[in-house]
Amino acid sequence: MGYNVDDLNKRRNEIIKKSVGIDYSDFENEGIGFDYTKMMESSGFTLDNIFDLQKESMVGDTPLVELKNLTNYARKYSKKGYGAKILLKDEAANLSGSFKARRAAVSIHKAKELGYKGVVAATSGNYGAAIAALAAKAGLKCIILQECFDSNNVAQPEILEKARACEAYGAEVMQLSVGPELFYTFMSVLEETGYFNASLYSPYGIMGIETLGYEIVNQVRNKYNKDPEVVICTNAGGGNLTGTARGIKKAGALGTLVYGASVDLTGLHMASDKDFNRKSFTTGHTGFGMPFAINPDRSDVPRSAARPLRYMDKYYTVNQGSVFFITEALAVLEGMERGPAGNTSLAVAFNLAQTLPENQIIVVQESEYTGAGKHHQPQLSFAKKNNIKLIFGNPLEEIPGENIIFPKSAKDIKVKEVSLDKLRKSYLKRFKDNELTHEDKVFLMEELNISLDKLNELIKQ
Amino acid sequence: MLVEKSKFVRIRKYLLLPNERAKNIPLETSKVPMKMWVKGRLNHEGELFEDVEITTVSGRIEKGTLKEVEPKYKHSYGDYVEELQRMREIILSEMWGEE
């Protein structure tokens, strides 16, 4: 019909190379590894270049807001002297309304520089709107592919809103039914048009976020004369966390811990037509967070620049009901109608702040615009229509796809810590039959952010 | 219903039939076709629910079944959600209730 999956697979490398303008074979090592640093440096951009080109596009330099009421709310449930300050980087202030504009700005700049006539991106979320807005500004054509409908032609309201936003910026939106073959559709469009692949996982897509981490450190230093103790990033494909952490390091805040946070959607299959509309979050959840941490290269480029296990100090999950609760709290206590993205981190921050001394600082590193379709009210109304039960009770007992459990009190917002060692072991599984060389092991130590002893111990297990 | 040439429309196209779908996907997904919807201007006069050809906003030519003329956005802020109102009241009462 539309295309042949096997034929496209054969031409995959050739299509990707032509559409990203990067020959990934340049970075491959002997054995299992590749040179990550060389890949990131090959883009030719410095952090200063990126600040400049983002500024020109009305991207970056967003406010860092101290959430005083939410901090005081968390302190009501902390022991004396505890309850860290919660700060929020208001990324909704970017062109197109989210931090994704930072990534898009670099990709679009590169596409223009390399002489492409247009760009293509596969995304159901904010990245589509960001690419569409920045392509409009650069005079490039733009095609966005969304996974949008189940087989009964029912769509997630949040995704419909994003289609509207993309079209408002003049993009063509191809809406697809559920299935991983979106990737093949994406390749066939790249082949047909010869446009640039604005991948979220290219070095450009990650470097764009480094400015976010860098800004956070400088803003905290300017106002509080110190570095933040913790920065929490909502984690899906891993790019948000990777780029932010790299920016924090480039600013020299070596003591700042970087945590990942995802909505717990355990049990829902991401490629399932049936499960598709039984979730209330389309990103920032474990359905992306876990597999992309374990195997970053499952993305749309041969080597993903988003490698969260290299940078993550801890990883937490939180249930859907708690994120809705904190989204509501952000609106009625801080006057900020934002999200859902970013509020996953905020829910985790609200809980963790209670365990940290009150002179410490915990930064939630993004927020996004909200509106019809994306707002938590249509999301919950949609959940009800899909027979998801809305209950007040113990959030930790939520069963994704069956119910959403809201806390009866903010004190009941609880998080679960994900074992990073368990993720590392899952990462290592695919090399279990490899005879690992010294060079392979050096790569894995960097990849998993562990010592040689630790690596050997995990391999043995 | 006859639709005149150049009208802005939405079409649906089947990209993969169930037997053409990728391997290793859940059964409920593999037994349904993979569909695509896209908008553009009609290249000729056409009938609703018949096969037509359009030019998309990026200038591509696509063929498919004509589903909707001058497609509208149907998403909204959704219905009233009692649980949301209750959360709002819990938050305000926990935060400011004692004052």
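Residues numbered from 1 in each chain as written. Chains lettered and ligands numbered in written order. Predicted model: local features only at pLDDT ≥ 70, side-chain atom pairs only at ≥ 80, totals over all residues. Heavy atoms only, no water.

A few words now on helix H6 (residues 100–113) of chain A. A rise of 1.5 Å per residue sets the reference length of H6 of chain A, with its 14 residues, at 20 Å; its end C-alpha atoms lie 20 Å apart and thus fit the reference within 8%. The element H6 of chain A is extensively covered by neighbouring structure, given that eleven of its 14 residues are classed as buried. (Helix = DSSP H or I, 4+ residues; strand = E, 2+ residues; numbered from the N terminus. Expected span 1.5 Å × (residues − 1). Buried < 20%, exposed > 50% of the residue type's maximum accessible area, 1.4 Å probe, protein only.)

Residues and elements named next belong to chain A. Evaluation of the coordinates by the stated rule reveals 17 aromatic pairs over all chains. Aromatic pair phenylalanine 34 and tyrosine 36: ring centres 6.2 Å apart, planes at 80 degrees, arrangement edge-to-face. With respect to class, phenylalanine 34 is no different from tyrosine 36; both count as buried. Grouping aromatic residues by their ring pairs yields a cluster made of Phe45, Tyr116, Phe196 and Tyr204. The lysine or arginine in question, lysine 374, covers the ring of tyrosine 369, its NZ or CZ lying 4.6 Å from the ring centre. (Phe/Tyr/Trp six-rings, centres within 6.5 Å; stacked < 30°, edge-to-face > 60°. Lys NZ or Arg CZ within 6 Å of the ring centre and 35° of its normal.)

It is worth spelling out the interface of chain A and chain B at this point. The interface is formed by 66 residues belonging to chain A together with 47 residues belonging to chain B. Summing the contributions of chain A and of chain B, the shared interface buries around 4900 Å²; its carbon and sulfur component is 61%. Inspection of the region where chain A meets chain B yields seven salt bridges. Among the salt bridges present, the one from lysine 385 of chain A reaches aspartate 79 of chain B, with a minimum N-O distance of 3.0 Å. Taken together, chain A and chain B are joined by 29 residue pairs in polar contact (both at pLDDT 80 or more). The element that contributes the greatest number of residues to the side of chain A that touches chain B is helix H15 (residues 376–385) of chain A, accounting for seven residues. Its residues assigned to classes, the side of chain A that touches chain B comprises 31 nonpolar, 20 polar and 15 charged. Note: strand E5 (residues 172–177) of chain A against strand E3 (residues 34–42) of chain B, two bridges, orientation antiparallel. (Contact = heavy atoms within 4.5 Å. Buried area = accessible area lost by both parts, 1.4 Å probe. Salt bridge = Lys/Arg side-chain N within 4 Å of Asp/Glu carboxyl O. Polar contact = N/O pair within 3.5 Å; in protein donor to acceptor, adjacent residues only side chain to side chain. Nonpolar A, V, L, I, M, F, W, Y, C, P; charged D, E, K, R; others polar. Pairing = 2+ DSSP bridges.)

Let us now look at the layout of surface pockets. Taken as a whole, the second largest pocket spans an internal volume of roughly 580 Å³. Lining of the second largest pocket is provided by 26 residues; of these, Ala155, Pro157 and Leu160 of chain A together with Lys74 and His75 of chain B occupy positions nearest its centre. For the lining of the second largest pocket, the secondary-structure elements that each account for two or more residues are helix H8 (157–168) and H15 of chain A together with E3 and strand E6 (61–69) of chain B. Looking at the lining of the second largest pocket, its residues break down into eleven nonpolar, six polar and nine charged. (1 Å grid on protein atoms, 1.4 Å probe; cavity = no way out; pocket = protein on both sides within 12 Å on 5 of 7 lines; lining within 4 Å. Points joined across faces, edges and corners; volume = space filled by probe spheres on them.)

A word on the side chain of serine 280 of chain A. All names here are of chain A. Take serine 280: it is sitting in the loop between strand E8 (257–263) and helix H12 (286–294). Among the residues examined, serine 280 registers a relative accessible area of 3% and is labelled buried. In this structure, serine 280 is in contact with Gln320, Phe324, Gln379, Ala383 and Ile404, ignoring residues within four places of it in sequence.

We now examine empty space enclosed by the protein. Residue and element names in this part refer to chain A. Summed over the entire model, instances satisfying the criterion amount to one cavity of 30 Å³ or more. Quantified by volume, the largest cavity comes out at close to 40 Å³. Every residue lining the largest cavity is listed: Phe324, Thr327, Arg338, Gly339, Pro340, Thr370, Lys374, His375 and His376. For the lining of the largest cavity, the per-class residue count stands at two nonpolar, five polar and two charged.

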